[in-house]
Amino acid sequence: MATEHPSFQLAKGINGLDKIVLRESRYRSAEVYLYGGHVTSWKNENGEELLYLSSKAIFKPPKPIRGGIPLCFPQFSNLGTLESHGFARNRIWEVDACPPPLPTNSSSNSFVDLILRPTEDDLKTWPHNFEFRMRVDLGSEGELTLTSRIRNTNTDGKPFTFTFAYHTYFSVSDISEVRVEGLETLDYLDNLKNRERFTEQGDAITFESEIDKIYLSTPTKIAILDHEKKRTFVVRKDGLADAVVWNPWDKRSKTISDLGDEDYKHMLCVEAAAVERPITLKPGEEWKGRLELSAVPSSYSSGQLDPKKVLQ
Ligand code: TA6
């Protein structure tokens, strides 16, 4: 049974978990599970899925959902004492009935506001009161925008510090045919080499083996070109300086139980993140991090990227 709200539908998803369905036209849609505040689906005007979701994804707390857009908060990866990627991705979020207004230039009618507050148990491992609000908005051109607002609501006068990522899994036709533009010549920390710092060489990034890099101080726009699909994903981000690029390739995939052995060929994580410089908020302060995803035909030339390159 689905419940209609003015801007979304509340329905039951896998294993009876609550999910929000956003619909913009007959086929354009997005789905967000309250479990994790986790976007699991984003479809274009032809009903094609644009996000990778593992066929082995386990929709059962406390295992985070493999694929879609997991939220890494208050800790990215193992950069702290918490469980890897923090706890936001395996908590049950709520619909935020009356969020503070959000300035928006979108005329979208299809959106939902979610909120996460810490449980008593969370406060034992991370002793900070916060409100994490997230709006998921499916725009009239099919673009998907996630706007996170995190507020320090501590009453003990203490600031807190966190790292963050939208751990987006894009669906690609063949990873060997994909290139990423916008990160060339930047410095990165290589997770496969003890986070040593290197500078990216050469042209756009292409893929032929495992990659796990944190690109630092990246531009606000990154393009992922899928030649076979003739599709370009454009990632626009605000408030998130870094960008993580991850593909586990064949060997590591076999060590990840909820990922099919061959699935690495059809996924690529490009994650808008705040990692190198963690965010600190004093009581009453709020941080905002915005991610906008669009999928366009590959003839599109990405303005801010190298203008000489007309994307094919
Ligand atoms: O963002 C890249 C990364 O931190 C990798 O190091 C890899 O482990 C991946 O995330 C997946 O993490 P997960 O905890 O979801 O298995």
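Residues numbered from 1 in each chain as written. Predicted model: local features only at pLDDT ≥ 70, side-chain atom pairs only at ≥ 80, totals over all residues. Heavy atoms only, no water.

Here is the rule: UniProt positions are given in the numbering used here, feature names are shortened, and annotations may be inferred rather than shown by experiment.
The name given to the chain in an unreviewed UniProt entry is glucose-6-phosphate 1-epimerase, and the organism recorded there is Brassica carinata. For the record of the chain, the UniProt heading Catalytic activity (unreviewed entry) holds the text "alpha-D-glucose 6-phosphate = beta-D-glucose 6-phosphate".

### Observations regarding the environment of Ile69
The condition is simple: Secondary structure elements follow DSSP: runs of H or I of four or more residues count as helices, runs of E of two or more count as strands, with numbering from the N terminus. Whether two residues are in contact is decided by their heavy atoms: any pair within 4.5 Å suffices.
Among the secondary structure elements, Ile69 is positioned in the loop between strand E5 (38–43) and strand E6 (71–72). Considered as a pair, Ile69 and Thr40 are 29 residues apart in the sequence and their alpha carbons are 6.5 Å apart. Residues within four places of Ile69 in sequence aside, it is in contact with His38, Val39, Leu51, Leu144, Leu146, Tyr166, His167, Thr168 and Leu293.

### So, the environment of Leu192
Inspection of the secondary structure assignment puts Leu192 in the loop between strand E14 (187–190) and strand E15 (196–199). The spacing of Leu192 and Glu210 is 18 residues in sequence and 8.6 Å in space, taken between C-alpha atoms. Once you skip the residues sitting within four places of it in the chain, Leu192 turns out to touch Glu210, Ile211 and Asp212.

### A closer look at the site of the ligand
The condition that has to hold: Residues are counted as near a molecule or strand when any one of their heavy atoms sits within 4 Å of it. In the analysis that follows, any N or O atom pair within 3.5 Å is treated as a polar contact, provided that within protein one partner can donate a hydrogen and the other can accept it, and provided that, for residues neighboring in sequence, both atoms belong to side chains. Residue burial considers only the protein chains on display, and all accessible areas are found by Shrake-Rupley using a 1.4 Å probe. Only Asp, Glu, Lys and Arg are considered charged, only Ala, Val, Leu, Ile, Met, Phe, Trp, Tyr, Cys and Pro nonpolar, and every remaining residue, Gly among them, polar.
Close contacts around the ligand come from Arg66, Phe76, His85, Arg89, His167, Asp212, Val244, Trp246, Arg252 and Glu271, and that covers them all. Within the side chain of His167, an N or O atom sits 2.9 Å from an oxygen atom of the ligand. Contact between the ligand and Asp212: an oxygen atom at 2.5 Å from a side-chain N or O atom of the residue. Coverage of the ligand by the protein amounts to 83% of the 390 Å² it exposes when considered alone. Classifying every residue of the shell around the ligand gives three nonpolar, two polar and five charged.

### Topic: the sheet that holds strand E13 (residues 178–181)
Put simply, the test is: At least two bridges found by DSSP between two strands are what make those strands a pair.
Within the open sheet, the nine strands sit side by side as E7-E8-E9-E10-E22-E19-E18-E13-E16. Their pairing is antiparallel. The sheet is open, and its two edges are formed by strand E7 (94–95) and strand E16 (205–206), each paired on a single side. Looking at chain direction, strand E18 (residues 221–226) and strand E19 (residues 231–238) are connected through six bridges and run antiparallel. Looking across to E19, one finds that Lys221 is bridged to Arg236.

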